[in-house]
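Next come the chains, spelled out residue by residue.
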Amino acid sequence: MLESNPEYETIASDVFEKEETEALAYLESVKERAAKEGLGCETILHEATDPSQAIVDEASGKNVDMIIIGRRGRTGLMKVLMGTAAAKVIAHAPCKF
């Protein structure tokens, strides 16, 4: 999930485009690694103000069986336990983790 700030996009759209290209390349490498292990993998890149809700919406719309999500907390106790977005996805996802 690539988060964006509208001001950031206006001031440095070329930087945003570079980050988007790099994110897509990384997602493609993940897909290739999954394929080498015999796993199906679909990658999706969204621009969203609420990444956790975008993930939950995709999971609901595609009736997924599992969400694999990293954690990177940024504030307080959540930094120790899990990222805020990961916590929200766990709370609202339509599938088991």
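The preceding data block contains the structure.
Conventions adopted
Every chain is numbered on its own, with residues counted from 1 as its sequence reads. Given that the model is predicted, a residue must reach a pLDDT of at least 70 before its local features are reported, and side-chain atom pairs must reach 80 or more before they are shown or counted; all residues, however, enter totals for whole chains, interfaces and linings. Excluding hydrogens and water, the side-chain values take into account all heavy atoms of the structure. Under the scheme used here, helices are H or I runs from DSSP no shorter than 4 residues and strands are E runs no shorter than 2 residues, and both carry numbers assigned from the N terminus. Working rule for contacts: check all heavy atoms of both residues, and any pair within 4.5 Å makes them a contact. Any helix carries an expected span of 1.5 Å times its number of residues minus one. Each residue's exposure class comes from its accessible area (1.4 Å probe, protein chains only) as a fraction of the maximum for that residue type: buried when under 20%, exposed when over 50%, partly exposed otherwise. Only the contacting stretch of a helix is used when fitting its axis, a line to C-alpha atoms as for every element, and angles between N-to-C directions run 0 to 180 degrees. Two helices cross in a left-handed way if the nearer one is turned anticlockwise from the farther one by less than a right angle. They cross in a right-handed way if the turn is clockwise. Classes in brief: Ala, Val, Leu, Ile, Met, Phe, Trp, Tyr, Cys and Pro nonpolar; Asp, Glu, Lys and Arg charged; the others, Gly included, polar.

**Student:** In this structure, what is going on with the side chain of Ser52? I would like to understand it.
**Tutor:** Relative to the helices and strands, Ser52 is located in helix 3 (residues 51-62). Excluding anything up to four places from it in sequence, Ser52 contacts Ala85, Lys88 and Val89.

**Student:** Where do I start with helix 3 in this structure?
**Tutor:** For an α-helix, the turn length of 3.6 residues means that residues three or four places apart are oriented alike. For helix 3, built from twelve residues, the straight-helix expectation of 16 Å at 1.5 Å per residue is met to within 8% by its first-to-last C-alpha distance of 17 Å. Of the positions making up helix 3, those classed as buried are Pro51, Ser52, Ala54, Val56 and Ala59. Where the residues of helix 3 are buried, they touch helix 5 (84-92). Just past helix 3, the residue Asn63 takes up positive phi, approximately 50 degrees.

**Student:** Explain the packing of helix 3 against helix 5 here, please?
**Tutor:** Where helix 3 meets helix 5, the axes come as close as 8 Å, and the angle between the chain directions of the two elements is 35 degrees. For the element pair helix 3 and helix 5, the recorded crossing hand is right-handed. In this structure, helix 3 contributes Ser52, Ile55 and Val56 to the contact, and helix 5 contributes Ala85, Lys88, Val89 and His92. A breakdown of the residues in the contact of helix 3 with helix 5 according to their chemical character gives four nonpolar, two polar and one charged.

**Student:** What is the right way to look at the environment of Val64 in this model?
**Tutor:** By secondary structure assignment, the location of Val64 is in the loop between helix 3 and helix 4 (76-81). Its relative accessible area of 27% is what places Val64 among the partly exposed residues. Sequence-wise, Val64 and Pro94 are 30 residues apart; in three dimensions their C-alpha atoms are separated by 8.1 Å. Leaving out residues up to four positions away in the same chain, Val64 has contacts with Ala59 and Cys95.

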